[in-house]
Amino acid sequence: MEKEEIIYLIKGYANNSLNEAELQTFFNEVIKEENKELYQEVAATLLEEAPVLDSFDEKLWPLFERVLQVDRPAIKEEVPKVNHFLRKWGWAAAAAVIFCIGLGAYFLTANRNIAPVALKTEITPGKNGAILMLADGSKVVLDSLGNGIVASQNGAQVALKNGELTYDQVGNVSGEMVYNTMTTPKGREFRITLPDGTQVWLNSASSIRYPTIFTGAERKVEVNGEAYFEVTKNEKQPFRVIVNNRVEIEVLGTHFNVNAYRNEEIIKTTLLEGSVRVNGIVIRPGQQAQVAESVYVVSNPDIDKVMAWKNGLFYFEGSTLAEIMRQVERWYDIEVVYENGIPVREFEGKMTRGVSLDGLLMVLQKLGVHYRLEGRKLFIMP
Amino acid sequence: MSTSEKHNEKELLQRIAEGDEQIFARFFKEKSPLIQHWIRSLVKDETGCHEVLQDVFIQIWVYRDKLATVDNLIPWLKKVTTHQCFKHLTRWKTYYSRSGGDIAFHSDDLSSDSRVDDHLSFKEMQSIIQGVINTLTPQQKQIYQLSREDGLNSEQIASRLHLSRGHVRNTISIILALIRTHLLRTGKITFIGWLIFLK
């Protein structure tokens, strides 16, 4: 477009003298980044310097107040506290989630026809789901199944009940113990009741391997990632957890959480009730054993922070951005990229894990985190 | 403008540079009718005009430490205004071009949408600035808080913290420069060349 034409359109818009077609051209062709300088130059010539007769509009004071607010150090902003529905209604509600998946899929499809825009960027939070690997190596996806028998494994009946997997002894055990492995991908969590009644909550990107029936002198399972255990008491048959082939937790009957993601430096075992031995070291309720090379016992870890995931929460208090982002990656199944190092920030507050990624990012933005989302890649900017 | 008026203005700008909110309020009261008049010739809806006015004064505020060096205030204000108008038209071009020739003043449709958007953009700016403040050293943070929360000028801050006045001024300048760097990167403000200051 000719420079003269651009100038004509800028002036015409200011004088309200453009016809409809010219207006379209003005917005479509002139208001473009490449014309910014020319626009500013021409526009400046149109601004009269003659003293304005208008008196000051008193209604503008709130606007001025906002201007001053822009760089006032923020009063610590409380992150909205939302009670996760799982915390409120227990895991029965999680079952409803599974039932609703079919229904949800229908609505999502229906929704797509009405408002395609709504689906474009939404990254949904993690939900109930896991993959079960049976003794013969075959895999069952647990997300899509309703209540019922999933498989029979060497005398045990594997069933899905209200969104959790259970093992019941129904027949005779023959020969060697056989093992099943439950794996949660990123963006999924699941709950399982082991053959002895022990309950395990498996966080996203985690796995647990266990025999379908516990025979012998001990009950031994292997975990990766993060899991919370409520172990059924049985002093005659101690419960043993092998973590990443590196840490051994010996249990009588107790409640504890293991955090052992490969990308977290330290394997943390936090005891809520009872007593456990971590690599031979005894820890008491409320204590946390941290294992890097040797065992280090922390006397008063923040239990709320440790258990937040099981209670359906993101817990920001005292967390670094990197810590939060590792959880976000696992929960939303995205990749986080730091464009220029990891910004050092401290956070506070907590929020539900039930929000979409957009919702979480809005809160983080309020807390001063800058980001850009491209597909499933989240770029963190300084 | 007479020499004495010019002198007065210089002193006024000097006080704003020190972060004096009262004087900045006076400046706002004095200059906003003219700036509003300018914006009205470039942006054709009342809500939009208000948004641009707010953005213009935000930009003046985050450049406050440079105000004392502005010799020619009017061209400087024009540059800020035309930038903010252009930014506004860019942001709303789809809306404006859709409504074609019927761009109505007081369009309810635009004003409700616009307020939400404006609110987000303002929040974004606040969070960018808060992000910068979070990365400051403890002393920088303390100086900044005394300036922005307690409204102290550099002399008062200096005597309270047993620092030199120059050091306090410098620190605030550095912090404002950091804030500007981050805002510039997002296009929230425009770079004002030194030429205008030195004219």
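Now for a description of the structure that goes with this document. These numbers come from a predicted model, not from an experiment.

1. Comments concerning the overall build of chain A
Turning to step 1, where the next piece is worked out: A tally of helices and strands in chain A yields ten helices and 24 strands.
Turning to step 2, where the next piece is worked out: Sequence-distant contacts in chain A: of pairs separated by 6 or more residues, those separated by 24 or more amount to 50%.
Turning to step 3, where the next piece is worked out: Summing over all exposed atoms, chain A offers an accessible surface of approximately 19100 Å²; the carbon and sulfur share of this is 51%.

2. Concerning the packing of helix 7 (residues 138–148) of chain B against helix 9 (residues 165–185) of chain B
Helix-helix packing is described using two parameters, namely the angle between the two axes and the distance between the axes.
Residues and elements named next belong to chain B.
Turning to step 1, where the next piece is worked out: At a minimum axis separation of 10 Å, helix 7 and helix 9 run at an interaxial angle of 95°. Compared by their axis directions, helix 7 and helix 9 come out roughly perpendicular. On the side of helix 7, the interface is formed by Gln-139, Gln-140, Ile-143, Tyr-144 and Ser-147, while helix 9 contributes His-167, Val-168, Thr-171, Ile-172, Ile-174, Ile-175 and Ile-179.
Turning to step 2, where the next piece is worked out: Class assignment of the residues belonging to the contact of helix 7 with helix 9 gives a composition of seven nonpolar, five polar and no charged.

3. Topic: the interface of chain B and chain A
Turning to step 1, where the next piece is worked out: Facing 58 residues of chain B, the contacting portion of chain A comprises 49 residues.
Turning to step 2, where the next piece is worked out: Regarding the contact of chain B and chain A, the summed buried area is about 5000 Å², with carbon and sulfur atoms giving 64% of it.
Turning to step 3, where the next piece is worked out: Taken together, chain B and chain A are joined by three salt bridges.
Turning to step 4, where the next piece is worked out: Note that B:Glu21 is salt-bridged to A:Arg72, the shortest N-O span being 3.0 Å.
Turning to step 5, where the next piece is worked out: Summed over the shared surface of chain B and chain A, the number is 16 residue pairs in polar contact (both at pLDDT 80 or more).
Turning to step 6, where the next piece is worked out: When contributions to the side of chain B that touches chain A are tallied by element, the ones reaching two or more residues are helix 2 (21–42), helix 3 (46–62), helix 5 (73–98), helix 6 (108–134), helix 7 and helix 9 of chain B.
Turning to step 7, where the next piece is worked out: Here the element with the most residues in the side of chain B that touches chain A is helix 2 of chain B; it accounts for 14 residues.
Turning to step 8, where the next piece is worked out: By residue class, the composition of the side of chain B that touches chain A is 23 nonpolar, 22 polar and 13 charged.

4. Focus: the environment of B:Thr181
Residue and element names in this part refer to chain B.
Turning to step 1, where the next piece is worked out: If you trace the backbone, Thr-181 turns up in helix 9.
Turning to step 2, where the next piece is worked out: Here Thr-181 falls in the partly exposed class, since its relative accessible area comes to 37%.
Turning to step 3, where the next piece is worked out: Spatially, the C-alpha atom of Thr-181 lies 9.3 Å from that of Phe-191, the residues being ten residues apart in sequence.

5. Examining the packing of aromatic side chains
Turning to step 1, where the next piece is worked out: Per the counting criterion, the structure on display carries 22 aromatic pairs over all chains.
Turning to step 2, where the next piece is worked out: Centroid distance A:Phe56 to B:Phe28: 5.7 Å. Interplanar angle 80°. Geometry classified as edge-to-face. Residue A:Phe56 is found in the loop between helix 3 (36–46) and helix 4 (61–69), and its partner B:Phe28 is found in helix 2; the two belong to separate chains. Neither A:Phe56 nor B:Phe28 differs from the other in exposure class; each is buried.
Turning to step 3, where the next piece is worked out: With 6.3 Å between their ring centres and 70° between their planes, B:Phe27 and B:Phe57 make a pair best called edge-to-face. Remark: B:Phe57 occurs in helix 3 and B:Phe27 occurs in helix 2; sequence separation between them is 30 residues.

6. A word on the pattern of salt bridges
Turning to step 1, where the next piece is worked out: Evaluated as defined, the whole model comprises 27 salt bridges over all chains.
Turning to step 2, where the next piece is worked out: B:Glu21 is the salt-bridge partner of B:Arg148, the closest N and O atoms lying 2.7 Å from each other. Taken together, the residues B:Arg148 in helix 7 and B:Glu21 in helix 2 connect sequence positions 127 residues apart.
Turning to step 3, where the next piece is worked out: You can call B:Glu21 partly exposed: its relative accessible area is 21%.
Turning to step 4, where the next piece is worked out: Counted as one network, the salt bridges with shared partners bring together A:Glu65, A:Asp71, A:Arg72, B:Glu21, B:Arg64 and B:Arg148.

About the criteria used
Residues numbered from 1 in each chain as written. Chains lettered and ligands numbered in written order. Predicted model: local features only at pLDDT ≥ 70, side-chain atom pairs only at ≥ 80, totals over all residues. Heavy atoms only, no water. Helix = DSSP H or I, 4+ residues; strand = E, 2+ residues; numbered from the N terminus. Contact = heavy atoms within 4.5 Å. Areas by Shrake-Rupley, 256 points an atom, 1.4 Å probe, with all protein chains shown as cover. Axes fitted to C-alpha atoms, helices over the stretch in contact; angles between N-to-C directions. Parallel < 35°, antiparallel > 145°, perpendicular 65-115°, else oblique. Nonpolar A, V, L, I, M, F, W, Y, C, P; charged D, E, K, R; others polar. Buried area = accessible area lost by both parts, 1.4 Å probe. Salt bridge = Lys/Arg side-chain N within 4 Å of Asp/Glu carboxyl O. Polar contact = N/O pair within 3.5 Å; in protein donor to acceptor, adjacent residues only side chain to side chain. Buried < 20%, exposed > 50% of the residue type's maximum accessible area, 1.4 Å probe, protein only. Phe/Tyr/Trp six-rings, centres within 6.5 Å; stacked < 30°, edge-to-face > 60°.

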